[in-house]
Amino acid sequence: MEKMLVFGHKSPDTDTICSALVMADYQKKLGKDVKAVRLGEPNKETKYVLNYFGFEAPELIENIEEGQEVILVDHNEFPQSVDGIEKAKIRMVVDHHRIADFATAEPLYYRAEPVGCTNTILFKMYKEKGFEVEPKIAGLMLSAIISDTLLLKSPTKTAEDEEAVKALAEIAGVNYEEYGLEMLKAGTDLSDYSAEELISLDCKKFELNGKQAKVAQVNTADIPEMMKRKAEYEAAISKDIEENGLDLFVFAITDIINSNSQAVVLGNATNIFEKGFKVTLEDNTAFLPGVVSRKKQIIPVLQENA
Ligand code: MN
Ligand code: MN
């Protein structure tokens, strides 16, 4: 049996990868030997972060053995977690999402706060214990908060996230506005991804009143440029719907500069999307002004209208 493992969700984003590395560091300070791992390929933004602050990506795992001790960060829903999670011993969760599809046989530490980023919670945990945050670790935490809050512009951002960003930028020794924009831009270079990769880079699976839905999201600085490949996305999405028996697939292409999204939507339950956003899809697409957050502005709307 492996030692205790810590990981975030499938289709890892910057918060998920950084949370795992930071939690391993936090546990080390508590005298515990915990290994950070990941459930998928880091995206370009995350690679930029790891390279900038001098970290290797955590090791990839595909599944876990029965009885494996684990810590979950940046997620709790089993469909988003590692294969075999039902049989794991979940010892701790630190997360900032809704709690759903989650149950354990044994007691555990569970910390959930409705803030913009898991790393905002982790930063508080260091402070509560009086642990020093090393500059490199501060860099990971800072990057994660910038990523999840789109440089403090997302409606998911709270005052605590903003305070944390300012304090962490100081410790990490970076100008967070300049660094943050470079980091976000590194993640928008999507030209060499296939359509299949684009719709799975940051994709989350949900159940909507018994219907199977996926909501994928990519960041861009140029929606029209991204939409030139719409036919490719439609083909990739249709294939995923067919192979995985999905009812709804929403692919949100989010403009991080102007804070809007263009959605490409397919499936037999697109009426949920149309009803929720009060739009009529034209050629499988609709523009969503002011929508940047899947968690706060897309999932709840689908949930309420399913
Ligand atoms: Mn995440
Ligand atoms: Mn997060």
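This one's a predicted model, so the numbers in the text were calculated from it and none came from an experiment.

A. Quick look at helix α10 (residues 270–277). For α10, the complete set of buried residues consists of Thr270, Ile272, Phe273, Gly276 and Phe277. All buried residues of α10 lie within an arc of 155° about the axis, which places them on one face of the element. Where α10 is buried, its residues meet β7 (203–208), β8 (211–220), β9 (248–255), β10 (260–266), β11 (285–288) and α11 (294–305). Positive backbone phi, at 50°, marks Lys278, one or two positions downstream of α10.

B. Representation of the coordination of the manganese ion (ligand 1) in the model. Those donors, His9 (NE2), Asp13 (OD) and Asp74 (OD), are the protein atoms that reach the manganese ion (ligand 1), and they lie 2.1 to 2.2 Å from it. In primary-sequence terms, the residues that donate to the manganese ion (ligand 1) follow H-x3-D-x60-D. Taken as a pair, the manganese ion (ligand 1) and the manganese ion (ligand 2) show a spacing of 3.5 Å, with Asp74 coordinating each metal. Placement of Asp13 in the loop between β1 (4–7) and α1 (14–29) and of Asp74 in the loop between β4 (69–73) and β5 (89–95) is noted, with a sequence separation of 61 residues between them.

C. Looking closely at the domain arrangement of the protein chain. Once the domains are mapped, the protein chain shows domain 1 (4–185) and domain 2 (195–305). The distance between the C-alpha centroids of domain 1 and domain 2 comes to 25 Å. Both sides of the domain 1 and domain 2 interface together cover about 1,500 Å² of buried area, and 55% of this is carbon and sulfur. Where domain 1 touches domain 2, the interface holds 0 salt bridges.

D. Summary view of the coordination of the manganese ion (ligand 2). In the first shell of the manganese ion (ligand 2), the protein supplies Asp15 (OD), Asp74 (OD), His96 (NE2) and Asp148 (OD), at 2.2 Å from the metal. Positions of the donor residues of the manganese ion (ligand 2) along the chain correspond to the pattern D-x58-D-x21-H-x51-D.

E. Representation of the nonpolar core. Met23, Leu142 and Leu168 are the most contacted members of the largest nonpolar core, which has 51 residues in total. Sequence-distant contacts of Leu142, that is, excluding residues within four places in its chain, are made with Val165, Leu168, Ala169, Val174, Tyr176 and Tyr179.

F. Molecular detail of the packing of α10 against α11. In contact at an axis separation of 8 Å, α10 and α11 are set at 110° when each is read in the N-to-C sense. Overall, the two elements α10 and α11 adopt an arrangement that is roughly perpendicular. Contacts between α10 and α11 pair Ile272, Phe273, Lys275, Gly276 and Phe277 from the former with Gln297, Ile298, Val301, Leu302 and Asn305 from the latter. Looking at the contact of α10 with α11 residue by residue, the class counts come to 6 nonpolar, 3 polar and 1 charged.

G. Highlighting the side chain of Thr46. Looking at the element boundaries, Thr46 is found in helix α2 (residues 44–53). Relative accessible area serves as the criterion here: at 0%, Thr46 is assigned to the buried category. Look past the residues within four positions of Thr46 in its chain and what remains in contact with it is Asp13, Thr14 and Ile17.

H. Representation of the pairing of β1 within the structure. Burial of the side chains of β1 extends over both faces: Met4 and Val6 are buried on one face and Leu5 and Phe7 on the other. Pairing between β1 and strand β2 (residues 34–38): 3 bridges, direction parallel. Residue pairing in the sheet places Val6 in a bridge with Ala36 of β2. Between the parallel pair β1 and β2, the chain is carried across by α1, and the sense of this crossover is right-handed.

I. Region of the structure containing unusual backbone geometry. Even without being a glycine, Ser259 presents a positive backbone phi close to 60°. Within the secondary structure, Ser259 sits in the loop between β9 and β10. Phi at Lys278 takes a positive value of approximately 50°, unusual for a residue other than glycine. Counting through the fold element by element, Lys278 comes out in the loop between α10 and β11. Under the relative-accessibility criterion, Lys278 is labelled exposed at 73%.

Each value, and the rule that gives it
Residues numbered from 1 in each chain as written. Chains lettered and ligands numbered in written order. Predicted model: local features only at pLDDT ≥ 70, side-chain atom pairs only at ≥ 80, totals over all residues. Heavy atoms only, no water. Buried < 20%, exposed > 50% of the residue type's maximum accessible area, 1.4 Å probe, protein only. Helix = DSSP H or I, 4+ residues; strand = E, 2+ residues; numbered from the N terminus. Arc of directions from axis to C-beta. Contact = heavy atoms within 4.5 Å. Donors = N, O, S within 2.8 Å, 3.2 Å for Na, K, Ca; no water. Domains from an automatic or database assignment. Buried area = accessible area lost by both parts, 1.4 Å probe. Salt bridge = Lys/Arg side-chain N within 4 Å of Asp/Glu carboxyl O. Core = buried A, V, L, I, M, F, W, Y, C linked by side-chain atoms within 4.5 Å. Axes fitted to C-alpha atoms, helices over the stretch in contact; angles between N-to-C directions. Parallel < 35°, antiparallel > 145°, perpendicular 65-115°, else oblique. Nonpolar A, V, L, I, M, F, W, Y, C, P; charged D, E, K, R; others polar. Pairing = 2+ DSSP bridges. Right-handed = clockwise from strand over helix to strand, strands pointing away.

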